[in-house]
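Each chain, letter by letter, is given below.
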Amino acid sequence: MWILPGNAMAQQGSISGQITDASNGETLAGASVFIPQLNRGAATNTDGEYNIQNVPSGTFELRVTYVGYETATISVAVTTTNLVQDFQLISDFADLDELVVVGFGTQIKQDLTGNIARVSGETIEGITVPSFESALQGRAAGVHIESGSGKLGQGIKMNIRGSASVTAGNEPLYVIDGMPVTSQSQSGTNSLTNPLADLNFNDVETIDILKDASAAAIYGSRASNGVVLITTKRGEEGRTNFSYNTKVGYSTPTRTMDWLNSEQYTELILESADNVGLRDYVEGIFDDYSLGTNWREHEVDADWAGAAFKDAMTLSHEFSASGGNESTQFYASGSYDDQEGIVIGNDFQRLSTRLNLDHTATDRISLGLNFNLARSELTRVTDDNGFATPLQLVAQLPISPIIDPNTGELNENTEYYNGLLHEEHSDFTQTTFRNFGNAYANINLTDNLSFRSEVGADLMNLNEDERYGLGTARSMSGFNNGLGASRWVQVVNYTTNNFATYNQTFQDVHDLEVIGGASFQYSTSKTAYVEGENFPVDDLRTIASAAEISGGNTTGSDYAFLSYFSRANYKFQNKYLLSLSGRVDGSSRFGADERYGFFPAASAGWILSEEEFLNNTDFLSFLKLRASYGLTGNAEIDNFGSRGLFGVTSYAGSPAINPSQVANPGLKWERTAQFDVGLDFGFFSDRINGELDFYMKNTSDLLLNVNVPGTSGFTTYLDNVGEMKNKGVELAINSRNYTGNFMWSTNFNISANRNEVTSLDGQVVTGNFENRAVEGEAIGIFFLREYAGVDPDNGDALYYLNEMDDNGNIISGDETTNVHNDASRVVAGSPHPEFIGGLSNNFTYKGFDLDVMFQFVYGNDVYRPAGAFQSANGRYLDNQTVDQLDRWQEPGDETDIPQARLFGSNGAHASTRYLTDGSYLRLKHINFGYTIPSGLTNAISLQRARVFVSGVNLLTFTDYEGHDPEVSTDYVTGNLDLGNEYYTAPQARTLTLGINVDF
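Since we're looking at a predicted model, the values are computed, not measured.

Asks: Quick one: what's the story with the overall build of the protein chain, residue by residue and with numbers?
Replies: In terms of regular secondary structure, the protein chain is built from 12 helices and 54 strands. Its C-alpha atoms give the protein chain principal-axis dimensions of about 105 × 70 × 65 Å. In the protein chain, buried positions account for 54% of the 999 residues. The long-range fraction of contacts in the protein chain, counting pairs at least 24 apart against all pairs at least 6 apart in sequence, stands at 69%.

Asks: Can you tell me about empty space enclosed by the protein, naming the residues and giving the values?
Replies: For the coordinates displayed, the defined rule picks out 12 cavities of 30 Å³ or more. Here the largest cavity defines a volume of roughly 310 Å³. As for the largest cavity, its lining consists of 27 residues, of which V129, P130, L152, Q987 and A988 are closest to the centre. Going through the elements one at a time, β20 (328-340), β53 (944-958) and β54 (988-998) are the ones with two or more residues in the lining of the largest cavity. Among the residues forming the lining of the largest cavity, the class breakdown is eight nonpolar, 16 polar and three charged.

Asks: Outline the packing of aromatic side chains, supporting the account with residue identities and numerical values.
Replies: Here a ring pair, both rings aromatic, is described through the centre-centre distance and the interplanar angle of the planes. Inspection of every chain in the model, using the stated rule, returns 33 aromatic pairs. Considering the side-chain rings of F242 and F999, the 5.5 Å spacing of their centres and the 20° angle between planes classify their relative orientation as stacked. Linking F242 in strand β18 (residues 238-253) with F999 in the segment after β54, this pair joins segments that are 757 residues apart in sequence. Overall, F242 belongs to the partly exposed group, its relative accessible area being 30%. Given a relative accessible area of 27%, F999 falls into the partly exposed group. Residues F286 and W295 carry aromatic rings whose centres are separated by 5.0 Å and whose planes lie at 75° to one another, so their mutual orientation is edge-to-face. The burial state of F286 is the same as that of W295; both residues are buried. Ring pairs connect the aromatic residues Y559, F561, F590, F599 and W669, which therefore count as one cluster.

Asks: I'd love a proper account of the environment of Y50, names of residues and values included.
Replies: In this fold, Y50 is placed in strand β4 (residues 49-56). A relative accessible area of 4% means that Y50 is categorised as buried. Taking the C-alpha atoms as reference, Y50 lies 7.6 Å from V33; in sequence the two are 17 residues apart. Discounting residues that sit within four places of it in the chain, Y50 has contacts with I15, S16, G17, Q18, I19, V33, A43, T44, L62, Q85 and F87. Here Q85 takes part through its backbone oxygen, which lies 2.7 Å from a polar atom of the side chain of Y50.

Asks: Break down the nonpolar core for me, citing the residues and quoting the values.
Replies: Counting residues in hydrophobic clusters, the biggest one holds 28 residues, and the most contacted among them are V343, L391, L393, L420 and Y983. Mapped by element, the contributors of at least two residues to this core are α7 (304-307) and α8 (419-425). Of the residues forming this core, the biggest block, three residues, is contributed by α7. In terms of nonpolar packing, the next biggest core, distinct from the first, is built from 27 residues, I156, I160, F436 and V952 among them.

Asks: Run through the side chain of Q763, naming residues and quoting values.
Replies: Tracing the backbone shows Q763 in the loop between β38 (742-759) and β39 (765-766). On the accessibility criterion, Q763 (14% relative accessible area) is buried. Apart from residues lying up to four places away in sequence, Q763 is in contact with L704, V706, N707, V721, A773 and E775.

Asks: Requested: an account of the environment of S134, with residues and values cited.
Replies: Within the secondary structure layout, S134 lies in helix α3 (residues 132-135). Exposure remark for S134: the relative accessible area of 6% places this residue in the buried category. Each C-alpha atom of the pair S134 and N689 lies 26 Å from the other, and the pair is 555 residues apart in sequence. When near neighbours in sequence (up to four residues on either side) are disregarded, S134 contacts V129, S147, I156 and K924.

Asks: Explain the sheet that holds strand β47 (residues 825-829) to me, using residue names and the numbers behind them.
Replies: In spatial order, the strands read β39-β40-β41-β47; together these four strands make up an open sheet with antiparallel pairing. The open sheet has two free edges, formed respectively by β39 and β47, since each of these has just one partner strand. Relative to strand β41 (residues 781-785), strand β40 (residues 771-773) runs antiparallel, the two being bridged by two bridges. Across the sheet, the residue bridging to N771 is F782, located in β41.

Asks: Describe in detail the pattern of salt bridges, supporting the description with residues and values.
Replies: Inspection of the entire model under this criterion finds 42 salt bridges. As a salt-bridge pair, K624 and D680 come within 3.5 Å of each other at their nearest N and O atoms. Of this pair, K624 sits in strand β30 (residues 620-634) while D680 sits in strand β33 (residues 670-683), and the two are 56 residues apart along the sequence. When sorted by exposure, K624 lands in the same class as D680, which is buried. Residue R825 is joined to E770 by a salt bridge in which the shortest nitrogen-to-oxygen separation is 2.8 Å. In this pair, R825 is assigned in strand β47 and E770 in the loop between β39 and β40, connecting sequence segments 55 residues apart. Take R825: its relative accessible area is 24%, and that puts it in the partly exposed class. What makes E770 buried here is its relative accessible area of 15%. One network of salt bridges, with partners in common, ties together R161, K211, K624, R626, D676, D680, E691, D693 and E730.

Asks: Let's hear about the sheet that holds strand β6 (residues 72-78): which residues, and what values?
Replies: Taken together, four strands build an open sheet; the order of strands is β3-β2-β5-β6 and the sheet is antiparallel. Every interior strand has two partners, whereas the edge strands, β3 (40-43) and β6, have only one. Sheet twist, expressed as the mean angle between neighbouring strand axes with direction ignored, is 25°. Where strand β2 (residues 32-35) and strand β5 (residues 58-65) come together, three bridges link them in antiparallel fashion. Paired with S32 across the two strands is T65, which belongs to β5.

Asks: Lay out a negative patch on the surface in plain terms, naming residues and giving numbers.
Replies: On the surface, D883, D886, D917, D959 and E961 cluster together to form a negatively charged patch. Along the chain, D886 falls in the loop between α11 (867-870) and β51 (915-917).

Asks: Which residues make up the pairing of strand β1 (residues 12-21), and what values go with them?
Replies: Counting buried positions over the 10 residues of β1 gives eight, a clear majority of the element. Pairing geometry for β1 and β4, over six bridges, is antiparallel. Within β4, the residue paired with S16 across the bridge is N51. Bridge count between β1 and strand β7 (residues 82-84): three bridges; the pairing is parallel. In the strand pairing of β7, S16 is matched with V84. The sheet contact formed by β1 and strand β8 (residues 87-89) spans three bridges and is parallel. Residue pairing across strands places I19 opposite F87, the latter belonging to β8.

Asks: I'd like to hear about the confidence of the model for the protein chain, residue by residue, with values.
Replies: Per-residue confidence for the protein chain averages 89 on the pLDDT scale, and 96% of its residues sit at or above 70. A low-confidence stretch, residues 1-10 stays under pLDDT 50, and its non-local contacts, those more than four residues away or across chains, total one contact.

Asks: Lay out the packing of helix α5 (residues 262-274) against helix α6 (residues 279-289) with the relevant residues and their values.
Replies: With their axes 8 Å apart at the nearest point, α5 and α6 run at an angle of 145° to one another. Residue-level contacts link Y265, T266, I269, L270, A273 and D274 of α5 to R279, V282, E283 and F286 of α6. Looking at the contact of α5 with α6 residue by residue, the class counts come to six nonpolar, one polar and three charged.

About the cut-offs
Sequence order sets the numbering: in each chain, residues are counted from 1 along the sequence as written. Totals for whole chains, interfaces and linings use every residue, but because this is a predicted model, local features are given only for residues with pLDDT of at least 70 and side-chain atom pairs only at 80 or more, for both listing and counting. Only hydrogens and water are removed before side-chain values are computed, so all heavy atoms of the structure are retained for them. Starting at the N terminus, helices and strands are each numbered in turn, a helix being any DSSP run of H or I of at least four residues and a strand any DSSP run of E of at least two. Three labels apply to residues, based on accessible area from a 1.4 Å probe with only protein chains included: buried if under 20% of the type maximum, exposed if over 50%, partly exposed otherwise in between. Only heavy atoms matter for contacts: two residues are in contact if any of them lie within 4.5 Å across the pair. Cavities and pockets were defined on a 1 Å grid built from protein atoms only: a cavity is a group of points that admits a 1.4 Å probe but offers it no way out, a pocket is an open group of points flanked by protein on both sides within 12 Å along at least five of seven lines, and a lining residue is one with an atom within 4 Å of any such point. Grid points are joined across faces, edges and corners, and a volume is the space filled by probe spheres set on the points. Throughout this entry, Asp, Glu, Lys and Arg are counted as charged residues, while Ala, Val, Leu, Ile, Met, Phe, Trp, Tyr, Cys and Pro are counted as nonpolar. The remaining residues, Gly among them, count as polar. Aromatic rings from Phe, Tyr and Trp, with only the six-membered ring used for Trp, were paired whenever their centres fell within 6.5 Å, and each pair was classed as stacked if the ring planes differed by under 30 degrees, edge-to-face if by over 60, and tilted otherwise. Here a polar contact is recorded for every N or O atom pair within 3.5 Å, except that within protein the pair must consist of a potential hydrogen donor and a potential acceptor, and residues adjacent in sequence are included only if both atoms are side-chain atoms. Here, nonpolar core refers to any group of buried Ala, Val, Leu, Ile, Met, Phe, Trp, Tyr and Cys residues whose side-chain atoms link them within 4.5 Å. Only strands that DSSP links by at least two bridges are regarded as paired with each other. Between Lys or Arg on one side and Asp or Glu on the other, a salt bridge is scored when a side-chain nitrogen of the former is within 4 Å of a carboxyl oxygen of the latter. Geometry is summarised by axes, namely lines fitted to C-alpha atoms with helices restricted to the contacting stretch, and by angles between N-to-C directions that run from 0 to 180 degrees. Like charges within 9 Å and nonpolar side chains (Val, Leu, Ile, Met, Phe, Trp, Tyr) within 5 Å are joined into patches, using only residues over 30% in relative accessible area that form no salt bridge. Each accessible area is a Shrake-Rupley result for a 1.4 Å probe, and residues are judged covered by the shown protein chains and nothing else. This count recognises Lys and Arg as positive and Asp and Glu as negative, with His and chain-terminal groups excluded. Every charge is mapped onto a representative atom, which is NZ of Lys, CZ of Arg, CG of Asp or CD of Glu. On a range of 0 to 100, pLDDT expresses the predictor's confidence in each residue.

Listed below in structure tokens is the structure:
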């Protein structure tokens, strides 16, 4: 009995050693040394030393990980003695051997001849934003992402290298695990929602953004706006690893505007009334809306603007498991997200699960599955232009109490509809069930030839339920004892890809890869809508409880793409690179004579650092020159844009049909030709590396709704008319400033794009506000009369009388007028930034890590149509911004605020008065974390535990006069109406506390 324990003890050994930086020999404190088979490990001390005791005899895998370095793995044999095993870790800061996802395959980063921006899932995990696009802001050069508003679930605009179309789509093509997915809003209102919010971005491994034609042309259709390839996480051979992440967040508005209090308001509005002889009228209104309170003594000072917002909480839980054996690997996850919006009545919940499987059946056959199922529920608010939208509460009179003192209920006797009644007595819920996934099979026909078949589906079922109770019916005209509406949408998107890949190396210097295949995509959508009125009580909420079914309809649509593609990559002596690709796309959306388009591309690269004349350059570690040229297409128009269509009507009480759209059998693809030249560089063993690109994009055959004479019976006709161009420069620099125990790395990117509509065949395309598309200018420029300030003698608003130059162009003049219509419109500004970018710094010290990121946008303008009500020197009874107190009051006053004149529109017409600089610098994201020492986590059988606190949109530096400079009202849609704020919610500022546990 005494001998047996001694024998057991004799079978134990230990492993110790030191971890250093391979480039400079510095010791690395806090590196993790782990034995997966035993689920045990240790962390290095301040001298970079580790020691794992009581290791049983046998052969084990020893794995070393450290932030910013490649993972080192080695097989060790443990005996009864102490095994000494040192490691030298290699920086992974600029891994040129990294595999980058390209169309229908992968490619080593060093061999790329196109421009692809990569963002890892690790970079964006833990960021508290509604969808993954928001987390990408400022992280990729040439990619402009705009949330548009602080409302949850809101549609997000991603613009890659400028706008390429006037009326067709400008959004990129989104591809998840090889399958194009539905990214267009299916909302039944002008307030677009974001279908990509159904994706849990903590499942994302990498995001690769294909920007130039060489990279994107293999996707031909819709690739003129770029392609976003999303690859989800996969399992690896080894023990099953579990991970649990949870976080709780707190959100408030980033910025709010200052409004008049009760005393300031009565002063301004009464003065405005006095100036036009309407004081008695206004005092009567004040008596009515004050509900018996003493407005003259400012008894009520209601904060209606503040009532639009709420302090919001966010909670999320995520659990994942991954692992597998030699033949089968898996990744499975489940997550729950519950986000409250900063705007009253706006919340978002998502429950999602994912399963990714990869199985090697034989030496030649492998197959797999990617499956994602999600249910999301978005509680929505009214469009920005609706009186019921929370942000329009700012218009209410501050002397009007929020709660009626006579009833104790919400005030129903207000100047405008009380949106708080809407929030209390109505609801608008969008529920989405989403299933996107695909299955694949790969057959290695020979050692050099393989065939892959993929089939995928994106299934979306969306239901919008609106219910307006009796409380809203009393205050909103047209609602008869309540109104209910239900809209159901089903979108089914099928895709199949079949392609062969051939790889061969000849004579050790010629590397060739050839891909060829076909793709088919078919999408159908169906909608059904029904509404009912007159509900007996609020508790009966379904349409079946309505006394009257007051409306309903059903619709259906579909489209298809059939494509053939091929690509050849050639490399000679590991330094000369050539890539050729071509894709033939057929689309059901175009005319019978022009269904198919051909989209070729070519690119070349020269790795100069492999040449002998640069081999001995100490400071230069990598240098590659590349250039590309190619054609891509755009088919993002209505499904039947080329067809002659008929609509239903009635004639003399009988059913009839009438023409609704003119046929255009010659309608064809919008095409974008893009040239790109770039330089990839690395210095000092890649401690500084980056890329510089210049590009030109020329779009022809613009898909445009052309104006036609009204005598034809139609107003517009979809045709290929016009041209547009974009040109720009992009710079991305990454540096590792310090290495060792203390590490500091920096990532910086900046890009500038210039857009110009070069031809519209003489047409001028107008937007819903003051935006236009005109030849020689950027799309969506602001075309406004120029505000010239105030006449100091009489308080009149002044506008510039403009002149024409010798070429017939309107130019600014020095003469002014107080008659708005006498002034000529001029190109007054642009919604497009002059440049955009981001700067991030990452610091680590032992177990601590800190990531700080700034995002910036410079040189764009934002127009505030709501200024004609909010900042209009007492034009109406709406409450005003505090700057309106600086109005003109007597001769000699020098100010930009005209005299207050009730109902007089003195200076409140559309003009540059409401055009403001939209530039901003934002502390977009900060994350501070601490990884608990492995000695403590191992004691409770944990691999790793990290606690963190993070913040999003913490600081915003801007001269913008409205709520938030990152804005685009949902009142309008399309490519023209960019950069307009109309009672639009600001972005949310969020603080989050979380923990990540691996076991």
